[in-house]
Amino acid sequence: MASKETVVLAYSGGLDTSCILVWLIEQGYKVIGFLADVGQNEDFEVAREKGLRLGAEKMYIEDCKKEFVEEFIWPAVQANAKYEDRYLMGTALARPCIARKLIEVAKKENATYISHGATGKGNDQVRFEIACYALFPTIKVIAPWRMENFLSRFAGRNDLLQYAAEKNIPVSATKSKSWSMDANLMHISFEGGELENPAIAADSDMYMMTVSPEKAPDKADHISIEFKGGFPVKVKTHDGRVLEESLQLFVYLNEIAGKHGIGRIDIVENRFIGMKSRGCYETPAGTVLQEAHIDLELLTMDREVLKLKQYLKREFETQVYNGMWYSPECEYTRACIALSQNVVDGTVHLKLYKGGVYVMSRESPRSLYNQDLVSMEVEGDHNAADATGFIRLNALRSREFQRVKRS
């Protein structure tokens, strides 16, 4: 290795990347720290000072919140994306946003390498590296948790804690609470440590964005969300304010949903690399937005278009979860989903109460709901006698199947 080659480290300020920063310097690299502000509740100036104090040549702190919401979260809202019908993918959506900015810094600094603290067993190593290779094909990657000389020294997080103590690296993790936490504007995830045993209940005090539903207010709050082209464009708050700026309304939805204990899940999921893992997530705003958006789609989208869109949704979920945001298939899928959203305009009125999101009513200028047609009080533009032939024709396949089965 040439002396003092430059590596840009995706730095979080936590246990893993703080130790990796010091370890990279020990290996002879010139380290530049990069920290993306994707909405995590953190003192970024403290993180900057910590990175410099640990030996980073420079620290980049990049505000990515607005682009994270508008370019990554909003397409997921349009898709109703929920991996394996449970996980709203807050981490998976943040990774391509962070990777894009990481590569911008690497190019600016003429770096030979980028590095990250993702483990050799997880999804994030795949997400970061595929995104980085797509955006900067000649970049090289240092992945310590896959390197023999790193693994021979650090078998796991307890070894990192000991190393941090030896090197005077300040960290918040402890051996008694050694789970890994990833926070951003959309969610906080918890995994590892004592959470690795799926038979053990997670500590309710672990959660940070949401209160326990049992401790949520006894009085419900009512809000309204307006969508245009499947994007949230306006929120009428519980106290009568109107929010239209994307970041502002998303932050509000996190606060009001978190107040009511909305968005907690504790799941086992299938990682891309083939193993199952246990994760605990809290995604308050994302949970509220998805409930509202699904309801509005059912009001405004044609049934057969909706079926096709639901197929695309499944593809999109897998593409995003597996780190394929910048792939041709994911770009194509996003474009198709966006086209389906041209009719998804309207407002959904919600009640938030003790962990639940309840749709109270909805309205849309593009509504396909025809009250006269569906009403049992008036005939409307429908001849009930037409149903006789419709039913007989639709019974034909089943009749023939049962005829052959009996023979």
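I will try to describe carefully the structure that is included in this document. (Residues numbered from 1 in each chain as written. Predicted model: local features only at pLDDT ≥ 70, side-chain atom pairs only at ≥ 80, totals over all residues. Heavy atoms only, no water.)

This brings us to the packing of helix α8 (residues 246–259) against helix α9 (residues 284–300). Remark: α8 packs on α9, axes separated minimally by 7 Å, with the N-to-C direction vectors making an angle of 100 degrees. One way to sum up the angle between α8 and α9 is to call them roughly perpendicular. Residues Phe250, Leu253, Asn254, Ala257 and Gly258 of α8 pack against Pro284, Ala285, Gly286, Val288 and Leu289 of α9. When grouped by side-chain class, the residues that make up the contact of α8 with α9 number 7 nonpolar, 3 polar and no charged. (Axes fitted to C-alpha atoms, helices over the stretch in contact; angles between N-to-C directions. Helix = DSSP H or I, 4+ residues; strand = E, 2+ residues; numbered from the N terminus. Parallel < 35°, antiparallel > 145°, perpendicular 65-115°, else oblique. Contact = heavy atoms within 4.5 Å. Nonpolar A, V, L, I, M, F, W, Y, C, P; charged D, E, K, R; others polar.)

Here we take up the sheet that holds strand β7 (residues 188–191). Spatially, 4 strands are ordered β6-β7-β12-β11 in an open sheet, and the strand pairing comes out antiparallel. Looking along the sheet, the strands with just one partner apiece sit at the ends: β6 (180–183) and β11 (264–270). For this sheet, the mean angle separating the axes of adjacent strands, direction not counted, is 25 degrees. Looking at chain direction, β6 and β7 are connected through 4 bridges and run antiparallel. Along β7, the bridge assignment pairs Ala183 with Ile188. (Pairing = 2+ DSSP bridges.)

A surface patch of nonpolar side chains, amounting to about 230 Å² of accessible area, comprises Phe272, Ile273 and Met275. Checked against the element boundaries, Met275 lands in the loop between β11 and β12 (276–282). In this structure Met275 comes out as partly exposed when scored by relative accessible area, which is 32%. (Patch = residues over 30% accessible without salt bridge, like charges linked within 9 Å, V, L, I, M, F, W, Y side chains within 5 Å. Areas by Shrake-Rupley, 256 points an atom, 1.4 Å probe, with all protein chains shown as cover. Salt bridge = Lys/Arg side-chain N within 4 Å of Asp/Glu carboxyl O. Buried < 20%, exposed > 50% of the residue type's maximum accessible area, 1.4 Å probe, protein only.)

With that out of the way, let us pick up the layout of surface pockets. Counted as a void, the second largest pocket has a volume near 160 Å³. Lining the second largest pocket are Asn80, Lys82, Gln290, Ile294, Glu297, Leu298, Leu306, Lys309, Gln310, Lys313 and Arg314. Elements represented by at least two residues in the lining of the second largest pocket include exactly α9 and α10 (303–321). Examining the composition of the lining of the second largest pocket, we find that 5 residues originate from one element, α10, more than from any other. (1 Å grid on protein atoms, 1.4 Å probe; cavity = no way out; pocket = protein on both sides within 12 Å on 5 of 7 lines; lining within 4 Å. Points joined across faces, edges and corners; volume = space filled by probe spheres on them.)

Read across the open sheet, the 5 strands follow the order β3-β2-β1-β4-β5; overall the sheet is parallel. The outermost strands of the open sheet, each flanked by one partner alone, are β3 (58–63) and β5 (140–142). Strand-to-strand, the axes of this sheet are offset by a mean angle of 25 degrees, without reference to chain direction. Bridge count for strand β2 (residues 30–37) against β3 is 6 bridges, and the pairing is parallel. Across the sheet, Ala36 pairs through a bridge with Glu62, a residue of β3. In the packing of helix α4 (residues 90–108) onto the sheet, contacts are made with β1 (6–10), β2, β3 and β4 (113–115), and the angle to β2 comes to roughly 145 degrees.

In this section: the side chain of Asn254. On the secondary structure map, Asn254 appears in helix α8. Note on Asn254: relative accessible area 9%, which makes it buried. Contacts of Asn254, omitting those with residues within four sequence positions, involve Leu185, Met186, Met209, Pro284 and Ala285.

Tallied over the entire structure, the rule returns 12 aromatic pairs. A centroid spacing of 4.9 Å and a plane angle of 40 degrees characterise the contact between Phe72 and Trp325, whose relative ring orientation is tilted. With Phe72 in helix α3 (residues 65–79) and Trp325 in the loop between α10 and α11 (328–340), this residue pair connects regions lying 253 residues apart in the sequence. Seen in terms of ring centroids, Phe150 and Phe154 are 4.6 Å apart; in terms of plane orientation they differ by 45 degrees. Their pairing is tilted. Taken together, the ring pairs connect Trp23, Trp145, Phe150, Phe154 and Tyr163 into an aromatic cluster. Lying over the aromatic face of Tyr321, Arg127 brings its terminal NZ or CZ to 4.8 Å of the ring centre. A cation sits over an aromatic face here: Arg334 above Trp325, 4.1 Å from the ring centre. (Phe/Tyr/Trp six-rings, centres within 6.5 Å; stacked < 30°, edge-to-face > 60°. Lys NZ or Arg CZ within 6 Å of the ring centre and 35° of its normal.)

This part takes up the environment of Gly117. As for its position among the elements, Gly117 is in the loop between β4 and α5 (124–135). Ignoring sequence-local partners within four residues, the contact set of Gly117 consists of Asp16, Thr17, Ile20 and Trp145.

We now examine the pairing of β11. Here β11 pairs with β12 via 7 bridges, running antiparallel. Across the sheet, Asn270 pairs through a bridge with Lys276, a residue of β12. Between the end of β11 and the start of β12, which pair antiparallel, lie 5 residues, with Gly274 showing a positive phi angle near 120 degrees.

To continue, consider empty space enclosed by the protein. For the structure on display, the rule yields 2 cavities of 30 Å³ or more. By volume, the largest cavity is sized at about 70 Å³. Only α3 and α9 provide two or more residues apiece to the lining of the largest cavity. Of the residues that constitute the lining of the largest cavity, the class distribution is 7 nonpolar, 2 polar and no charged. In this model, the second largest cavity occupies a volume close to 30 Å³. What lines the second largest cavity is Ala92, Arg95, Pro96, Arg127, Ala131, Val320, Gly323 and Trp325. Only α4 and α5 provide two or more residues apiece to the lining of the second largest cavity.

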